[in-house]
Amino acid sequence: MEVVQVLHMKGGVGETSYANNSLVQRKVISMTKPITEEAMTKLYCSTYPASIVIADLGCSSGPNTLFVVSELIKLVDSIRQKLGQKSPEYQVFLNDLPGNDFNTIFKSLPNFQNKLKKQLGRGSGPCFFTGVPGSFYGRLFRHNSLHFIHSSYSLQWLSQVPEGLESNKGNIYMASTSPPDVLKAYYEQFQQDFSLFLKCRSEELVEGGRMVLTFLGRRSDDPSSKECCYIWELLAMALNDMVFEGLIEEEKLNSFNIPQYTPSPAEVKSEVLKEGSFMIDRLEVTEVNWNAYQNEFDLSDAFKDGGYNVAKCMRAVAEPLLASHFGEAIIDEVFRRYRDIVANRMSKEKTEFVNVIISLIKG
């Protein structure tokens with residue numbers, strides 16, 4: 001599988017699109033907001049730059065794409081007004097892999113910019129937006145050209161499916177039944193990728209530049225622990241049932257693995273220290289329920305069904321990967337079964353995603 005070609009959230013604005021099924025990601029961004037805003041405040045107040053260049057890496061498409069940058073611009077604008085400073089100009093780079101639905105982002109920009117203008121104070125500087133297609137596991141920007149980098153729920157995706165996973169039969173990710181060499185292959189791929197990511201970003205950020213990165217991760221030291229792998233194990237159950245019924249070839253399932261690694265805080269910290277370009281300002285862990293609509297009121301009956309919500313959220317993320325390997329024909333049936341399995345498990349146990357957040361300063 002060529003990850004750069006097939007890894008993207010489901011585009012468009014339809015019922016199963018990522019744009020309409022990314023509330024979990026929005027909640028995580030909101031939970032991280034105090035850390036992101038603290039980093040930007042410290043950055044701005046240390047030098048009062050005449051221009052601020054922000055990059056959002058793994059921006060995807062939909063309502064979350066412009067949410068973070070608009071909050072950061074509004075924050076800087078309110079600080080500069082209080083301090084009587086002249087407004088900086090803003091340059092925003094939105095990066096994702098080439099398969100991302102950049103068209104939907106570009107179509108939403110005129111409305112977004114008009115709204116932002118009204119929200120900012122008098123005399124606020126212009127904001128320029130640029131789409132940057134490409135893998136962040138390589139250089140994307142000029143040397144010393146960025147002030148602030150944000151990335152949320154993107155860095156758990158690997159540059160490729162690790163090599164040497166032939167023994168991971170019946171699984172589609174690290175699982176409780178995966179042999180040790182599979183776990184090792186996944187971890188080594190993460191180390192290689194994240195180390196390269198840090199090296200590239202250190203070349204692109206100015207001295208004192210900042211990064212706030214949020215990973216889908218885990219608290220446990222065990223990379224195959226339930227807290228990070230369970231949601232994929234349940235999808236593997238649906239696929240295995242379809243193999244048993246002759247709807248999917250067994251060989252097809254055995255050759256499919258998800259290119260993801262959900263790191264622990266210790267693993268993230270270890271790579272940062274090893275690479276050596278950044279100081280760690282903050283390292284935190286939070287949780288968010290699998291069902292983004294948990295504790296929401298006034299929901300239609302459809303959204304009260306936790307299995308339905310989680311299956312739609314996962315479909316928006318995983319459908320392009322599954323469709324490229326198994327074909328489009330099985331997709332509806334896979335996620336119908338997955339919805340039932342997830343609903344059953346959610347009724348019996350607490351199901352949460354773990355988030356690892358790190359705030360870094362270029363030393």
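Read on for a plain summary of the structure. (Residues numbered from 1 in each chain as written. Predicted model: local features only at pLDDT ≥ 70, side-chain atom pairs only at ≥ 80, totals over all residues. Heavy atoms only, no water.)

So, the overall build of the protein chain
Scanning the protein chain from terminus to terminus reveals ten helices and seven strands. Within the span of the protein chain, comprising 363 residues, buried residues form 56% of the whole. Partitioning the intrachain contacts of the protein chain with sequence separation of at least 6 by distance along the chain shows that 84% fall at a separation of at least 24. A total of about 15,500 Å² of accessible surface is found on the protein chain, and carbon and sulfur atoms cover 51% of it. (Helix = DSSP H or I, 4+ residues; strand = E, 2+ residues; numbered from the N terminus. Buried < 20%, exposed > 50% of the residue type's maximum accessible area, 1.4 Å probe, protein only. Contact = heavy atoms within 4.5 Å. Areas by Shrake-Rupley, 256 points an atom, 1.4 Å probe, with all protein chains shown as cover.)

Comments concerning the pattern of salt bridges
This structure, assessed with the given rule, holds 16 salt bridges. For glutamate 71, the salt bridge goes to lysine 33, with nearest N and O atoms at 2.9 Å. Residue glutamate 71 is found in helix α3 (residues 67–83), and its partner lysine 33 is found in helix α2 (residues 23–47); the two are separated by 38 residues along the sequence. Of the residues examined, glutamate 71 reaches a relative accessible area of 16% and is grouped as buried. Between aspartate 281 and arginine 210 there is a salt bridge; the shortest N-O distance is 3.2 Å. (Salt bridge = Lys/Arg side-chain N within 4 Å of Asp/Glu carboxyl O.)

Observations concerning the environment of glutamine 192
Take glutamine 192: it is sitting in helix α5 (residues 180–204). When the C-alpha positions of glutamine 192 and leucine 158 are compared, they lie 9.5 Å apart, and in sequence the two are 34 residues distant.

Points about unusual backbone geometry
Phi is positive for tyrosine 48, which is not a glycine, with a value near 45°. Relative to the assigned elements, tyrosine 48 resides in the loop between α2 and β1 (51–57). Among the residues examined, tyrosine 48 registers a relative accessible area of 33% and is labelled partly exposed. Backbone geometry at asparagine 144 places phi at a positive 50°, although glycine is not the residue there. Mapped onto the secondary structure, asparagine 144 falls in the loop between β3 (127–133) and β4 (146–152). For asparagine 144, a relative accessible area of 39% puts it in the partly exposed group.

Re the packing of α5 against helix α8 (residues 265–275)
Relative to each other, α5 and α8 sit at 50°, their axes nearing to 10 Å. When the interaxial angle is binned, α5 and α8 end up oblique. When the axes of α5 and α8 are compared, the crossing they make is right-handed. Contact with α5, carried on its side by Tyr187, Phe190, Gln191, Phe194, Ser195, Leu198, Lys199 and Ser202, involves Glu267, Val268, Glu271, Val272, Lys274 and Glu275 of α8 and no other residues of that element. For the contact of α5 with α8, a count of residues per class yields six nonpolar, three polar and five charged. (Axes fitted to C-alpha atoms, helices over the stretch in contact; angles between N-to-C directions. Parallel < 35°, antiparallel > 145°, perpendicular 65-115°, else oblique. Left-handed = near helix turned anticlockwise from the far one by under 90°. Nonpolar A, V, L, I, M, F, W, Y, C, P; charged D, E, K, R; others polar.)

Some points on the pairing of strand β2 (residues 89–96)
For a regular strand, the rule is simple: side chains alternate between the two faces of the sheet. In terms of burial, β2 is largely enclosed, as six of its eight residues are buried. Bridge count for β1 against β2 is seven bridges, and the pairing is parallel. When the sheet's bridge partners are listed, isoleucine 52 is paired in β2 with tyrosine 90. Inspection of the sheet shows β2 paired to β3 by seven bridges, in the parallel sense. Bridge pairing links valine 92 to phenylalanine 129 in β3. Considered for its hand, the β-α-β crossover made up of β2, helix α4 (residues 102–119) and β3 is right-handed. (Pairing = 2+ DSSP bridges. Right-handed = clockwise from strand over helix to strand, strands pointing away.)

Describing the nonpolar core
Phe194, Phe197, Trp232 and Leu239 are the most contacted members of the largest nonpolar core, which totals 70 residues. Element by element, the count of residues in this core is highest for helix α6 (residues 226–244), at eleven residues. For phenylalanine 194, the residues in contact, after removing those within four places along its chain, are Tyr137, Leu155, Leu213, Phe215, Val268, Glu271 and Val272. Val68, Val69, Ile73 and Phe102 belong to the second-largest nonpolar core, a separate cluster that totals 32 residues. (Core = buried A, V, L, I, M, F, W, Y, C linked by side-chain atoms within 4.5 Å.)

Structural notes on the side chain of lysine 362
For lysine 362, the position within the fold is in strand β7 (residues 352–362). Despite being buried, lysine 362 has no salt bridge partner; glutamate 207 is the closest side chain of opposite charge, sitting 4.3 Å away. There is a polar contact of 2.8 Å between the side chain of lysine 362 and the backbone oxygen of serine 202. In contact with lysine 362, other than residues within four places in its own chain, are Asn144, Ser202, Leu205, Val206, Glu207, Gly208, Gly209, Ser277 and Phe278. (Lys, Arg positive; Asp, Glu negative; His and termini not counted. Polar contact = N/O pair within 3.5 Å; in protein donor to acceptor, adjacent residues only side chain to side chain.)

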